[in-house]
Amino acid sequence: MDAADFMPGEAALAGIRGEIESYEAERQKVVRSVRIRIPVVIGVVLVLTAVLAITFNAFADPRERWVSTPHIYLYILAAAGLSIAHFVATSPARKLRRSVRDRLLPVVFGFIENVRYRKGETPDSVSRIPKDAIGNFNDSRFDDEISGVWQGLPFELYEAAFSVGSGKGRDTVFRGVVIALATERAFPGVLVATRKANKVTSFFRGIFGKELESLSSGDPVLDAAYDFRTDNPAAAGPLVTGRLARALQWLGEAWPEEPARIALQGKDAFLLLPQSKNFFELPDISEPLDYKTHIAPMIADMASLLATGALVRQIGSGDEQPS
C-alpha cells in the first residue's frame, strides 16, 4: 500500500485548496474578532467586580474592607465569570474549527464513499466489541469518528478511551484508534488477541469476564506478547496459528507503540490500535492551515489505517493469507 495512491488528483486538490483559502479568509477575521472580544468581555467582568467590591466596602467593617465574607464570595464568582467570559469570547474560533472539518473532510477523503464525520458521539459499533478485547471499564470517551465505504468495505474508525474507576483511582484500559469492519465470512463465535495480561488481571478476568479458552500460536515471541482466547477453539485454532499470527507480526512492525488488539465476533472484525497520537487534529485558530503540513499527513494516516483494517478483515476470509 502506497499512501501516494490515495492523494487527491488535480481536481480534488483544487477543491481542497479552495476550501483552505476560504477558511484562511474567515480565520483571519475570526482571529481579529477574538483578539478584540477577549479583553472586552474580561474587562466587563473586572469592572463589575470592582464596582461591587467598592459597594461592599461601604457596608463592611473598616478592618474587613476588600476581604469581608461578601467580598470573598464575589471574588469566587468573578473567577468563574472570567472563565465563562473567556469561553464566550473564543466561541467564534471553536465554531469555525468545527465547520472547517465538515467542509474539508468530504473533499480530503474523496477516496471514501459516503464519508461521514462526527465528534464526541458514541459510535454505532461500540456495543458490539467483545468486552474481552477491551477489559472491564465503566467510562468511555470518544473524539473524532470517520465512517464510510472504502473499496467496497464499510467501516467505522474512531478515537476512543475506555477507563475503569473514578477520580484519582481512574485507570485507562485502552486509549487509541478503533477500526470496526464487516468481515467477508462470519466467525462462529468470539476470538480475541490482546496484550499479555498479568496474573492479577487474568484472575479477575476469569471471575468476571466471559469464559474463553486460551490458545497458542506456536510462535514463542507472539505467545509471550499476546493472549489468544476464544469460545470456539476448533474454528479459532487455524486462524491463531495462521493468518492472525501473521497479521500480528506485521502489526508489531507497522505499529510498534504498543501491541495492537484484534477481535472477531460473527460478521464483525475489530482492530484496536493503542495510540497517543491525535490523527485528525487541525491546527489552532491562530495558526494558518497548510496542505502539506496538515492535510497531506492526515490523508496518509487515514490510508494507512484503512489498509491495516483491511488486513484484519481478511483474517477470517477464505484467502490463504492476508495481503
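The residue numbering used here restarts from 1 in each chain and proceeds along that chain's sequence as written. Thresholds applied to this predicted model are a pLDDT of at least 70 for local features of residues and 80 or more for the giving and counting of side-chain atom pairs; totals over whole chains, interfaces and linings are not thresholded and use all residues. Here the side-chain values reflect all heavy atoms present in the structure, with hydrogen atoms and water set aside.

Caption draft 1: Geometry of the side chain of Thr230. Along the chain, the position of Thr230 falls in strand β6 (residues 226–230). N or O atoms closer than or at 3.5 Å make up a polar contact, with two conditions inside protein: a donor-capable atom paired with an acceptor-capable one, and, for residues adjacent in sequence, both atoms drawn from side chains. Of note is the side chain of Thr230, whose polar atom sits 2.6 Å from the backbone oxygen of Val190. The contact rule is simple, with two residues in contact once any of their heavy atoms fall within 4.5 Å. With near-sequence residues (within four places) excluded, Thr230 lies in contact with Phe187, Val190, Leu191, Leu212, Glu213, Leu215 and Ala236. For the purposes of this entry, the term helix denotes a DSSP run of H or I that reaches at least four residues, the term strand denotes a run of E that reaches at least two, and both are numbered from the N terminus.

Caption draft 2: Highlighting the environment of Gly148. With respect to the element layout, Gly148 can be found in strand β2 (residues 139–150). Taking the C-alpha atoms as reference points, Gly148 and Ser127, separated by 21 residues in sequence, lie 19 Å from one another. With residues up to four places along the chain from it excluded, the contact list for Gly148 reads Ile112, Glu113, Asn114, Val115, Leu153, Pro154 and Phe155.

Caption draft 3: Main features of the packing of helix α1 (residues 10–57) against helix α3 (residues 91–108). Helix axes use the C-alpha atoms of the stretch in contact, all axes being lines fitted to C-alpha atoms, and the angles between their N-to-C directions lie in the range 0 to 180 degrees. The geometry of α1 relative to α3 is characterised by a closest axis approach of 10 Å and an angle of 180 degrees between their N-to-C directions. Here α1 is positioned roughly antiparallel relative to α3, judged by the angle of their axes. When α1 is examined against α3, the residues Ala12, Gly15, Ile16, Glu19, Ile20, Ser22, Tyr23, Glu26, Arg27, Val30, Val34 and Arg37 are found in contact with a partner set consisting of Ser91, Pro92, Ala93, Leu96, Val100, Arg103, Leu104, Val107 and Val108. Among the residues making up the contact of α1 with α3, the classes are represented as 13 nonpolar, 3 polar and 5 charged. An angle below 35 degrees is read as roughly parallel, one above 145 as roughly antiparallel, one from 65 to 115 as roughly perpendicular, and any other as oblique. Residues are grouped as follows: Ala, Val, Leu, Ile, Met, Phe, Trp, Tyr, Cys and Pro are nonpolar; Asp, Glu, Lys and Arg are charged; every other residue, Gly included, is polar.

Caption draft 4: Quick peek at the packing of aromatic side chains. Two rings belonging to Phe, Tyr or Trp (six-membered ring only in the last case) form a pair when the distance between their centres is within 6.5 Å. Interplanar angles under 30 degrees mark stacking, angles over 60 mark edge-to-face geometry, and anything in between is tilted. What the rule picks out here adds up to 8 aromatic pairs. A ring pair is formed by Phe142 and Phe162, whose centres lie 5.9 Å apart and whose planes are at 85 degrees; its orientation type is edge-to-face. One end of the pair, Phe142, is in strand β2; the other, Phe162, is in strand β3 (residues 153–164), with 20 residues separating them in the sequence. Phe162 shares its class with Phe142; the two are buried. With 6.0 Å between their ring centres and 35 degrees between their planes, Tyr226 and Phe228 make a pair best called tilted. Take Tyr226 and Phe228: they sit in the same class, and that class is buried. Our definition puts a charge over a ring when NZ of Lys or CZ of Arg is within 6 Å of the ring centre and also within 35 degrees of the ring normal. Over the face of the ring belonging to Tyr291 we find Arg17, whose NZ or CZ atom lies 5.9 Å from the ring centre. Of note, Arg94 hangs over the ring of Phe87, and the distance from its end group to the ring centre comes to 3.7 Å. To sort residues, take the accessible area from a 1.4 Å probe on protein chains only and compare it with the maximum for the residue type: under 20% means buried, over 50% means exposed, and anything in between is partly exposed.

Caption draft 5: Looking closely at the nonpolar core. By nonpolar core we mean a set of buried residues, namely Ala, Val, Leu, Ile, Met, Phe, Trp, Tyr and Cys, connected to one another through side-chain atoms within 4.5 Å. With 62 residues, the main nonpolar core has Phe109, Leu157, Leu244, Leu248, Phe280, Ile295 and Leu305 as its most contacted residues. Looking at this core element by element, the count peaks at 11 residues for helix α9 (residues 291–313). The residues touching Leu305, leaving out its near neighbours within four places in the chain, are Leu157, Val177, Ile179, Trp255, Leu273, Phe279 and Phe280. Ranked by size, the runner-up nonpolar core spans 18 residues in total, among them Ile134, Phe142, Val178 and Ala263.

Caption draft 6: Region of interest: the pattern of salt bridges. Salt-bridge detection follows one rule: a side-chain nitrogen of Lys or Arg within 4 Å of a carboxyl oxygen of Asp or Glu. In this structure the tally under the stated criterion is 16 salt bridges. The residue Glu121 makes a salt bridge to Arg118 at a minimum N-O spacing of 3.1 Å. What makes Glu121 partly exposed here is its relative accessible area of 40%. Three or more residues joined by partner-sharing salt bridges are found here, namely Glu19, Glu26 and Arg103.

Caption draft 7: Spotlight on the pairing of β6. When you tally the buried positions in β6, you get 5 out of 5 residues, the bulk of the element. Neither face of β6 is left uncovered, since the one carrying Tyr226, Phe228 and Thr230 and the one carrying Asp227 and Arg229 both have all their residues buried. At least two DSSP bridges between two strands are needed for those strands to be called paired. Summarising the sheet, strand β4 (residues 171–195) and β6 pair through 5 bridges and their orientation is antiparallel. Note that in β6 the partner of Ala193 across the bridge is Phe228. Sheet topology places strand β5 (residues 213–215) next to β6; 3 bridges connect them, and they run antiparallel. Each bridged residue has a counterpart across the sheet, and for Ser214 the counterpart in β6 is Arg229.

Keep in mind these values describe shape, not function.
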